[in-house]
Amino acid sequence: MEYENILVKDNGKVRTVTLNRKSPLNPLDMDTLREIKDAILNSGNRVILLHGANRAFSAGADINNFMKLSNDTAGVFAKEGHDIMNTIANYPRPVIAAIHGYCLGGGFELALACDLRIAHPDTTFGLPEVTLGILPGFGGTQRLRHIVGETVAFGLIATGKRYKADEAYRLGLLNELSENYLETAEKLAQDLAKLPKESLRLVKHLVRNSPDEKFEEEIDAFGEVFAYPDREEGVKAFLEKREAKFQE
Ligand code: COA
């Protein structure tokens with residue numbers, strides 16, 4: 001597969017996949033996610049390091065596409081997104097996200113699907129989908145809840161709150177904060193690549209949460225929310241750079 005949205009570099013037993021969209025905050029469209037999946041599955045079973053070029057890891061799913069989705073196609077979109085996130089979660093070697101700038105929406109869901117997260121202290125995190133009249137549709141409701149618990153997860157997702165890396169670290173969402181986040185992640189990836197791969201594969205399987213029926217419900221809910229008028233208003237308001245006026 002030819003890659004247009006990512007860069008791939010191998011260094012021994014580590015493959016680095018860099019999100020490199022033309023837009024500076026690396027919005028994620030399905031083509032980009034498909035390229036990430038392909039680069040991981042065809043890595044020769046290397047440890048994977050995922051990060052973003054430009055100003056961000058990723059500011060989320062590409063909002064420009066959300067006006068084109070309908071009730072039906074949104075469910076299909078979420079299902080494929082889930083499959084790609086599950087590929088990362090099920091990949092037999094560790095997948096590390098090295099995060100800077102913004103890690104929002106689908107970008108945060110991509111990071112949550114990884115096994116380890118190392119971030120620059122200036123990074124902003126959040127699942128702001130409700131502020132657009134939609135909801136996280138790539139497994140974020142479930143993965144965030146499993147990591148931080150339902151009280152905190154509901155508060156964060158229901159308000160769409162954005163928070164800095166120190167709070168993400170305090171909540172257990174990050175393994176490490178580092179000014180040299182990329183070098184720190186590269187060293188960790190090389191260290192993990194030297195460890196026995198079957199032990200790591202089994203540990204990953206045992207420790208990681210497996211998708212259950214609530215993951216499936218998230219796909220349906222993502223489709224459903226596209227039937228309501230607040231989605232059109234929320235997405236339009238973002239594109240027109242104004243505050244959304246939702247129904248009473
Ligand atoms: N999808 C598509 N384009 C996006 C995007 C997204 N998720 N996030 C940012 N962009 C685009 C902006 O539209 C802008 O494009 P333009 O230069 O053509 O106008 C460009 O990236 C830079 O963003 P801008 O908002 O000008 O940068 P900023 O530094 O002022 O603000 C953010 C950065 C992250 C705070 C702001 O872009 C933002 O809130 N983005 C949306 C985040 C979001 O809701 N993500 C969840 C999506 S489901």
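Structure: see above.
Residue positions are counted from 1 within each chain, in the order its sequence is given. Where totals are concerned, whole chains, interfaces and linings use all residues; where local detail is concerned, this predicted model gives features only for residues with pLDDT of at least 70, and gives and counts side-chain atom pairs only at 80 or more. Each side-chain value is derived from all of the structure's non-hydrogen atoms; neither hydrogens nor water enter the calculation.

### Looking at a nonpolar patch on the surface
Right, on to step 1. Taken together, the side chains of Leu202, Val203, Leu206 and Val207 make up a nonpolar region of the molecular surface, amounting to roughly 420 Å² of accessible area.
Right, on to step 2. Secondary structure elements are defined from DSSP: runs of H or I of at least 4 residues count as helices, runs of E of at least 2 residues count as strands, and each element is numbered from the N terminus. Mapped onto the secondary structure, Leu202 falls in helix H8 (residues 197-207). Residues enter patches when their relative accessible area tops 30% and they take part in no salt bridge; the joining distance is 9 Å for like charges and 5 Å for the nonpolar side chains Val, Leu, Ile, Met, Phe, Trp and Tyr. To measure how exposed things are, a 1.4 Å probe is used in the Shrake-Rupley method; for residues, cover is taken only from the protein chains shown. Basic side-chain nitrogens of Lys or Arg form a salt bridge, by our definition, when they fall within 4 Å of a carboxyl oxygen of Asp or Glu.

### Regarding the site of the ligand
Right, on to step 1. Near residues are defined by distance, with any heavy atom within 4 Å of the molecule or strand qualifying the residue. In the region of the ligand, 20 residues are neighbours, and Ala59, Ala61, Ile63, Arg162 and Lys241 sit closest.
Right, on to step 2. Here a polar contact is recorded for every N or O atom pair within 3.5 Å, except that within protein the pair must consist of a potential hydrogen donor and a potential acceptor, and residues adjacent in sequence are included only if both atoms are side-chain atoms. At 2.9 Å, a backbone N or O of Ala59 approaches a nitrogen atom of the ligand.
Right, on to step 3. Taken by itself the ligand offers 860 Å² of open surface, and the protein chains cover 69% of this.
Right, on to step 4. The cavity that encloses the ligand is the largest pocket. The rule is simple: put a 1 Å grid over the protein atoms alone, call a set of points where a 1.4 Å probe fits but cannot get out a cavity, call an open set with protein on both sides within 12 Å along at least five of seven lines a pocket, and count a residue as lining if it has an atom within 4 Å of a point. Any molecule with more than half of its atoms within 2 Å of a cavity's or pocket's grid points is regarded as sitting in that cavity or pocket.

### A look at the packing of aromatic side chains
Right, on to step 1. Stacked, tilted and edge-to-face are the three classes assigned to paired rings of Phe, Tyr and Trp, where Trp is represented by its six-membered ring and a pair needs centres within 6.5 Å; plane angles under 30 degrees give stacked, over 60 edge-to-face, the rest tilted. Under the counting rule described, the total for this entry stands at 7 aromatic pairs.
Right, on to step 2. Judged by centre distance (6.4 Å) and plane angle (65 degrees), the ring pair of Phe66 and Phe222 falls under edge-to-face. With Phe66 in the loop between strand E3 (47-52) and helix H2 (71-90) and Phe222 in helix H9 (residues 213-225), this residue pair connects regions lying 156 residues apart in the sequence.
Right, on to step 3. According to the relative accessible area criterion, Phe66 is buried, its value standing at 4%.
Right, on to step 4. One aromatic cluster in this structure is built from Phe66, Phe77, Phe138, Phe222 and Phe226. For every residue, the accessible area (1.4 Å probe, protein chains only) is compared with the maximum for its type, and the residue is labelled buried under 20%, exposed over 50%, or partly exposed between those bounds.

### A word on a negative patch on the surface
Right, on to step 1. Where like charges cluster on the molecular surface, the negative patch consists of Asp83, Glu213, Glu216, Glu217, Asp220 and Glu224.
Right, on to step 2. Broken down by element, the residue count for the negative patch peaks at 5 residues, all from H9.
Right, on to step 3. The topology assignment puts Glu216 in helix H9. In this tally Asp and Glu are treated as negative and Lys and Arg as positive; neither His nor the chain ends contributes. Lys charges are placed at NZ, Arg charges at CZ, Asp charges at CG and Glu charges at CD.

### Quick notes on the sheet that holds strand E5 (residues 102-104)
Right, on to step 1. Whether two strands pair comes down to DSSP finding at least two bridges between them. Strand order across the open sheet formed by 3 strands is E5-E7-E8, with mixed pairing between neighbours. Of all the strands in the sheet, just E5 and strand E8 (162-164) have a single pairing partner and so form its edges. Adjacent strand axes in the sheet meet at a mean angle of 20 degrees, parallel and antiparallel pairs treated alike.
Right, on to step 2. As paired elements, E5 and strand E7 (residues 124-126) share 3 bridges and run parallel to each other. Its bridge partner being in E7, Tyr102 is matched across the sheet by Thr124.
Right, on to step 3. Contacts between residues were defined by any pair of non-hydrogen atoms, one from each residue, lying within 4.5 Å. For every element, the axis is a line fit to its C-alpha atoms; helices are fit only across the contacting stretch, and the angle between N-to-C directions ranges from 0 to 180 degrees. Here helix H3 (residues 105-113) sits on the sheet in contact with E5, E7 and E8, set at roughly 90 degrees to E5.

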